[in-house]
Amino acid sequence: MVTGGSGFLGSHLCERLLADGNNVLCVDNFFTGAKENVEHLLPNPRFELLRHDITFPLYVEVDEIYNLACPASPVSYQFDPVQTVKTNVHGAINMLGLARRTKAKIFQASTSEVYGDPEVHPQQEAYWGRVNPIGPRACYDEGKRCAETLFFDYHRQHGLRIKVGRIFNTYGSRMQQDDGRVVSNFIVQALRNETITVYGDGSQTRSFCHVSDMVDAFVRLMATGDDVTGPINLGNPAEQTVLELAQQVIAMTGSSSTIEFLPLPVNDPVRRRPDITIAQRTLDWAPKVTIQQGLSDTIAYFERTLGITRV
């Protein structure tokens, strides 16, 4: 079962699991997911789609649960912050309860946001983070931190088989064009020859992992023995500034866009880069798709979505 299965990451994961020969139950309330993302999977007899909000209990028979359900972009998770907390906390409780009843393995899609605006760089799993618990991003940051707490308490108290992956910036096809994430923002603005909005002076850094690499990491983590619980950083350690990304997107799209600098959002992290030593050692995993390759794929997707043809 994949919760949030019709979303950006979830739909790619459903495809991968089906390709590997699994039966897949895709669960989504379609708040940020889209049925179009999985419509092509509906004819597959091993695929099932269920509209459901995981803040309410779910009674199904499964042997593996990938819990991806939660708005993941600031625009989406700040739209209804209380519901974001409920999805992270009540949703985790419900999915952990289901895993306990069915004796299923359960994967939690956690996030690099648990590190907040970090004082340690690059971020290692042992770092406890620097998060503002009452800021506008806290519904997501603290919600994900609490979900991790619940996962490890269920593991200690009930012997539940858990896997926790901390996801760093991921991009690729099926991102929403208006989700406020930096890659989709820049590409859409560039393809439309609109002004590209860079927050701050653009010197803040991010590390971008293509969705195909991220999904591969999910599957590898789920396949590990019960002694491997995580948390494990999943992301690309290749760090670059936001301004460099904007310039690269303009060059690759041949856009006439100019860059506009706007104030940095509250509690926006200045540096973000994963230490993936544990993932490399435990999962035999590291990203393979270069930023050039990944951006080409993502730009082509948005060209199709927006109906834009470059000359």
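Whatever comes next refers back to the structure up there.
Residues numbered from 1 in each chain as written. Predicted model: local features only at pLDDT ≥ 70, side-chain atom pairs only at ≥ 80, totals over all residues. Heavy atoms only, no water.

> Before we go on, may I ask you to explain the packing of aromatic side chains in this structure?
By convention here, two paired aromatic rings are described through the distance between centres and the angle between planes. Here the structure, examined in full by the defined rule, presents 8 aromatic pairs. Judged by centre distance (4.9 Å) and plane angle (50°), the ring pair of phenylalanine 107 and phenylalanine 218 falls under tilted. Placement of phenylalanine 107 in strand 5 (residues 105–111) and of phenylalanine 218 in helix 6 (residues 211–222) is noted, with a sequence separation of 111 residues between them. Given the relative accessible area of 0%, phenylalanine 107 is considered buried. Judged by centre distance (6.5 Å) and plane angle (85°), the ring pair of tyrosine 171 and phenylalanine 208 falls under edge-to-face. Placement of the pair is tyrosine 171 in strand 7 (residues 170–171) and phenylalanine 208 in the loop between strand 9 (205–207) and strand 10 (209–210), with a sequence separation of 37 residues. (Phe/Tyr/Trp six-rings, centres within 6.5 Å; stacked < 30°, edge-to-face > 60°. Helix = DSSP H or I, 4+ residues; strand = E, 2+ residues; numbered from the N terminus. Buried < 20%, exposed > 50% of the residue type's maximum accessible area, 1.4 Å probe, protein only.)

> Hey, could you run me through the environment of leucine 306 in this one?
For leucine 306, the location among the structural elements is in helix 9 (residues 291–306). Between the alpha carbons of leucine 306 and glycine 143 there is a distance of 33 Å; along the sequence they are 163 residues apart. Beyond its immediate chain neighbours, meaning those up to four positions away, leucine 306 contacts Gln177, Val188, Leu191 and Arg192. (Contact = heavy atoms within 4.5 Å.)

> Teacher, can you tell me more about the pairing of strand 4 (residues 64–67) here?
Every other side chain in a regular strand lies on the same face of the sheet, so the side chains alternate between the two faces. Note that strand 1 (residues 2–3) and strand 4 share 2 bridges and pair parallel. Along strand 4, the bridge assignment pairs threonine 3 with asparagine 67. As defined by bridge partners, strand 4 adjoins strand 5 across 4 bridges and the pair is classed as parallel. The partner of glutamate 64 across the bridge, within strand 5, is lysine 105. (Pairing = 2+ DSSP bridges.)

> What is the right way to look at the nonpolar core in this model?
One broad trend across soluble globular proteins is that nonpolar side chains are buried collectively. Formed by 56 residues in total, the largest nonpolar core has its most connected members in Leu13, Tyr66, Val183, Phe186, Phe218 and Leu295. Considering each element in turn, this core owes the most residues, 8 residues, to helix 6. Other than its neighbours up to four places away in sequence, leucine 295 contacts Tyr171, Val183, Ile187, Leu245, Gln248, Val249 and Met252. Core analysis: the second largest hydrophobic core is formed by 25 residues, Ile54, Ala69, Met95 and Ile162 among them. (Core = buried A, V, L, I, M, F, W, Y, C linked by side-chain atoms within 4.5 Å.)

> Even after reading the chapter, I still don't get unusual backbone geometry, so can you show me in this structure?
It is generally the case that most residues other than glycine have a negative phi and that most peptide bonds are trans. Cis peptide bonds are those with omega within 30 degrees of zero, and the linkage from histidine 121 to proline 122 qualifies with -5°. Inspection of the secondary structure puts proline 122 in the loop between strand 5 and helix 4 (138–158). The step from glycine 230 to proline 231 runs through a cis peptide bond, and the omega angle for that step is 0°. As for its placement among the helices and strands, proline 231 is situated in the loop between helix 6 and strand 11 (232–234).

> What exactly am I supposed to notice about the pattern of salt bridges here?
Side-chain pairs of opposite charge can arise where the charged atoms are in close proximity. If you walk through the whole model with that rule in mind, you get 16 salt bridges. Notably, a salt bridge pairs glutamate 142 with arginine 145, separated by 3.1 Å at the nearest N-O pair. Here glutamate 142 and its partner arginine 145 are both found in helix 4, 3 residues apart, which amounts to about one turn of the helix. By relative accessible area, which is 27% here, glutamate 142 ends up partly exposed. With a shortest N-O distance of 2.8 Å, aspartate 216 and arginine 220 are connected by a salt bridge. Of this pair, aspartate 216 and arginine 220 both sit in helix 6, 4 residues apart, which is roughly one turn of the helix. (Salt bridge = Lys/Arg side-chain N within 4 Å of Asp/Glu carboxyl O.)

> What should I look at first to understand the sheet that holds strand 4 in this one?
Ordered by their spatial adjacency, 7 strands build an open sheet running 3-2-1-4-5-6-11, and the pairing between neighbours is parallel. In this open sheet, the two strands that pair with only one neighbour each are strand 3 (47–51) and strand 11. Pairing of strand 2 (residues 24–28) with strand 3, which is carried by 5 bridges, proceeds in the parallel orientation. Residue pairing for strand 3: valine 24 is matched across the bridge by phenylalanine 47.

> Any chance you could explain helix 5 (residues 182–191) here in plain terms?
Given 3.6 residues per helical turn, the α-helix brings residues three or four places apart onto the same face. With respect to burial, helix 5 is a largely interior element, 10 of its 10 residues being buried. Within helix 5 the residues assigned to the buried category are Val182, Val183, Ser184, Asn185, Phe186, Ile187, Val188, Gln189, Ala190 and Leu191. Buried residues along helix 5 sit in contact with strand 7, strand 8 (196–199), helix 7 (242–253) and helix 9. Among the residues trailing helix 5, asparagine 193 stands out with phi positive, at a value near 55°.

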